Amino acid sequence: MPFEWFVALRYLRAGRAQTALILGGATVGVAILVFLTALISGLQRTLVQQTLSSQAHVLVKAREREARPLPLGAPRGGGAPPREAGAGAALPEVAADRVERTPDRIRSIEQWQQVAADVAQVPGVVAVTPTAAGSAFASRGEATKPVALRGVDDASFARVIEIAPRIRAGSFRLEGAQAAIGVELAKDLGIGVGDKLRLATPEGRGDVFTVAAVFDLGNKDVNQRWVLVPLRAAQTMLDLPGGATALEVRVADVFEAERIAREIGRRHPLEVNSWMRLNEQLLVALRSQSASSWMIQALVVVAVALGIASVLAVSVVQKSREIGILRATGTSTGRVLRIFLIEGAVVGSAGSVLGGGLGTAMALAFSRLATSPTGDPIFPVDLTPGLYLGASLVALATGTLAAWIPARQAARLDPAVVIRYG
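Peer 1: I'd like a rundown of the overall build of the protein chain, residues and numbers included.
Peer 2: Looking only at helices and strands, the protein chain has 15 helices and 12 strands in total. Going through the 422 residues of the protein chain one by one, you find that 43% of them count as buried. Considering only contacts within the protein chain whose residues lie at least 6 apart along the sequence, 78% involve residues at least 24 apart. Here the protein chain displays about 22400 Å² of accessible surface, and carbon together with sulfur accounts for 58% of that area.

The following block contains the structure:
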């Protein structure tokens, strides 16, 4: 065993109470790091997954027509204001304007097949699916509910929105006059797989569909309003022959969605929004959560470092005579410095192992405190190899750096003075 390691381990064994104290501090610090990071990461991952369970990562649709200014007093529709009675009566001069949005019908993306093929070639894009969406009414007997009619291609839609694992009854295969509805709508209308459902648009176009599947996407509003039908059927009902109101895109990395959306917008003059832009408040909350977590962890690291440094500083004072003898017998300043740095590194390494185990036990116990009706934990944790590696590196670096000041203090001791005066 190298000389520095031999002396460092002997010092740690000799001061067992001090060693246990700083080892306990390092263990608790690492446990808090592992527990907090696993909990915050798990919560954030679950929030993002729930948000994207019924939402594409990127949404591409035709741009809305711009509003136009309209003189005050002009009738809606852009006509001139009525002329007052009386021969030669002059109209008053209008100085103020109002902005009126042009009435617009459901619009399709022009040449959406070509746009979809081009979007699929953008780096990072995993899948693209067309949708034809509009408002409708679903009725069964005397019960009628307003719904969001969505015409989809079942094969490509399943690659963008992971709906197959969320099917509660039937199978997601839409052909002809088949439809898939949410669990809440099925409950409201009292229907299930195989039952008939009438859908009608506000313009009066309608058709009768057979319920082929009942899904639960984890969002009550979606489960209550979405009705998925074949793309061709929705095109007919919404008077969109061969059209698509939107292209829904799935990307490989959800946090790269905004960059990919900008790239698609640069290629095509369309309205392109990522889930990050549509859920800005959620992202602000996630960033605030991460910032508070990092601050707590930083304070824990500082507390552990101060604890290790203070205990080793006391150890230097207590062992100053032994250090003086080592220096007097020819031990170099560098060797003395390395002895105490090794002590800090050993404490940090042992603390990372013990703290990792303690943090894992705390995280798993906390995740089992409460579960949802489906059996999933309400407080999920995300324990990954990267988490343990990061915590170990932080513990090792903290222990080594915390030992630097006591190590320099020990290396600078004058052997003649400490041997004589202790």
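From this point, things continue past the structure.
Peer 1: Describe the pattern of salt bridges, naming the residues involved and giving the relevant values.
Peer 2: In total, this model carries 12 salt bridges according to the counting rule given. Residue Arg338 is joined to Glu4 by a salt bridge in which the shortest nitrogen-to-oxygen separation is 3.0 Å. Here Glu4 lies in helix α1 (residues 3-14) and Arg338 lies in helix α12 (residues 333-367), a separation of 334 residues in the sequence. By relative accessible area, Glu4 is classed as buried at 11%. Glu263 is paired through a salt bridge with Arg267; the nearest N and O atoms lie 3.0 Å apart. Taken together, the residues span about one helical turn, with Glu263 and Arg267 both in helix α8 (residues 257-267) at a distance of four residues. When its relative accessible area of 35% is taken as the criterion, Arg267 is described as partly exposed. Three or more residues joined by partner-sharing salt bridges are found here, namely Asp118, Glu263, Arg266 and Arg267.

Peer 1: Report on the nonpolar core, specifying residues and quantitative values.
Peer 2: With 53 residues, the main nonpolar core has Val58, Ile181, Leu199 and Trp275 as its most contacted residues. Here the element with the most residues in this core is strand β4 (residues 125-140); it accounts for five residues. In contact with Leu199, not counting residues within four places along its chain, are Phe137, Ala138, Val147, Leu149, Arg205, Gly206, Asp207, Phe209, Val227, Val229 and Met237. Core analysis: the next-biggest nonpolar cluster, separate from the first, contains 29 residues, Tyr11, Leu326, Leu337 and Ile342 among them.

Peer 1: Residues and numbers for the packing of helix α10 (residues 280-318) against helix α13 (residues 385-402), please.
Peer 2: One way to put it is that α10 packs onto α13 with a least axis distance of 8 Å and a crossing angle of 40°. With respect to α13, the axis of α10 lies oblique. Here the hand of the crossing between α10 and α13 comes out right-handed. On α13, the residues touching Val301, Val304, Ala305, Ile308 and Ala309 of α10 are Val394, Thr398, Gly399 and Ala402. Counted by class, the contact of α10 with α13 contains seven nonpolar, two polar and no charged residues.

Peer 1: Kindly report on the layout of surface pockets, identifying the contributing residues and their values.
Peer 2: Taken as a whole, the largest pocket spans an internal volume of roughly 1000 Å³. If you trace the largest pocket, you find 34 residues lining it, with Thr46, Gln49, Gln50, Ser53 and Arg166 closest to the centre. Looking at the lining of the largest pocket, the elements with two or more residues in it are α2 (16-51) and α10. Looking at the lining of the largest pocket, the element that brings in the most residues is α2, giving nine residues. Of the residues in the lining of the largest pocket, the class split is 15 nonpolar, 11 polar and eight charged.

Peer 1: Please set out the side chain of Arg150 residue by residue, giving values where relevant.
Peer 2: In this fold, Arg150 is placed in strand β5 (residues 143-152). For Arg150, a relative accessible area of 11% corresponds to the buried category. Polar side-chain contacts of Arg150 include one of 2.3 Å to the side chain of Glu248. Residues in contact with Arg150, not counting those within four places in the same chain, are Thr131, Ala132, Ala133, Phe157, Trp226, Val227, Leu228, Val229 and Glu248.

Peer 1: Give a detailed account of empty space enclosed by the protein, specifying residues and quantitative values.
Peer 2: Counting across every chain of the model gives two cavities of 30 Å³ or more. Counted as a void, the largest cavity has a volume near 80 Å³. Lining the largest cavity are 13 residues, with Ala26, Val30, Val304, Ala395 and Thr398 sitting closest to its centre. Among the elements of the structure, α2, α10 and α13 are those that each provide at least two residues to the lining of the largest cavity. Here the residues of the lining of the largest cavity are counted per class, giving nine nonpolar, four polar and no charged.

Peer 1: Could you give an account of the packing of aromatic side chains, with specific residues and numbers?
Peer 2: Given two aromatic rings, one states the distance between the centres and the angle between the planes to describe the pair. For the structure on display, the rule yields three aromatic pairs. Measuring from centroid to centroid gives 5.6 Å for Phe35 and Phe366, while their planes differ by 85°, and the two rings are edge-to-face. Placement of Phe35 in helix α2 and of Phe366 in helix α12 is noted, with a sequence separation of 331 residues between them. Owing to a relative accessible area of 16%, Phe35 belongs among the buried residues under this scheme. Ring centres 6.0 Å apart and planes at 45° place the aromatic pair Phe157 and Phe172 in the tilted group. Within this pair, whereas Phe157 is found in helix α4 (residues 154-160), its partner Phe172 is found in the loop between β6 (167-170) and β7 (178-182), the two being separated by 15 residues in sequence. One exposure class covers both Phe157 and Phe172, and it is buried. Here Arg150 stacks its cationic end above the ring of Trp226, 4.2 Å away from the centre of that ring.

Reading the values: rules and limits
- Just so you know, the residues in each chain are numbered from 1, in the order the chain's sequence is written.
- In view of the model being predicted, local features appear only for residues whose pLDDT reaches at least 70, and side-chain atom pairs are presented and counted only at 80 or more, with totals across whole chains, interfaces and linings using the full set of residues.
- To obtain the side-chain values, all non-hydrogen atoms of the structure were used and water was disregarded.
- Only DSSP runs of H or I with at least four residues qualify as helices, and only runs of E with at least two residues qualify as strands; both kinds are numbered from the N terminus onward.
- Throughout this description, buried means an accessible area under 20% of the type-specific maximum (1.4 Å probe, protein chains only), exposed means over 50%, and partly exposed covers the range between.
- Residue contacts follow a heavy-atom distance rule, with two residues in contact if any of their heavy atoms lie within 4.5 Å.
- The accessible surface values rely on the Shrake-Rupley method and a 1.4 Å probe; as for residues, cover is taken only from the protein chains in view.
- Whenever a carboxyl oxygen of Asp or Glu lies within 4 Å of a side-chain nitrogen of Lys or Arg, that contact is scored as a salt bridge.
- Remark: nonpolar core denotes a set of buried residues (Ala, Val, Leu, Ile, Met, Phe, Trp, Tyr, Cys) joined through side-chain atoms within 4.5 Å.
- To define axes, lines are fitted to C-alpha atoms, for helices over the stretch in contact only, and angles between the resulting N-to-C directions are given on a 0 to 180 degree scale.
- In these notes the angle categories are as follows: under 35 degrees is roughly parallel, over 145 is roughly antiparallel, 65 to 115 is roughly perpendicular, and the rest is oblique.
- When the near helix sits turned anticlockwise from the far one by under a right angle, the crossing is termed left-handed; a clockwise turn instead gives a right-handed crossing.
- Three classes are used: nonpolar for Ala, Val, Leu, Ile, Met, Phe, Trp, Tyr, Cys and Pro, charged for Asp, Glu, Lys and Arg, and polar for all others, with Gly counted as polar.
- Of the grid points, spaced at 1 Å and generated over the protein atoms alone, those admitting a 1.4 Å probe that cannot get out make up cavities, while open sets with protein on both sides within 12 Å along at least five of seven lines make up pockets; any residue with an atom within 4 Å of a point is treated as lining.
- Grid points are joined across faces, edges and corners, and a volume is the space filled by probe spheres set on the points.
- As used in this structure description, the phrase polar contact means that two N or O atoms lie within 3.5 Å; if the pair is within protein, one of them must be able to donate a hydrogen and the other to accept it, and residues adjacent in sequence are counted only when both atoms belong to side chains.
- Each Phe, Tyr or Trp ring (for Trp, its six-membered ring) is paired with any other whose centre lies within 6.5 Å, and the angle between the two planes then decides the class: stacked below 30 degrees, edge-to-face above 60, tilted in between.
- Geometrically, a charge over a ring is one whose NZ (Lys) or CZ (Arg) sits within 6 Å of the ring centre while staying within 35 degrees of the ring normal.

Geometric values such as these leave the question of function open.
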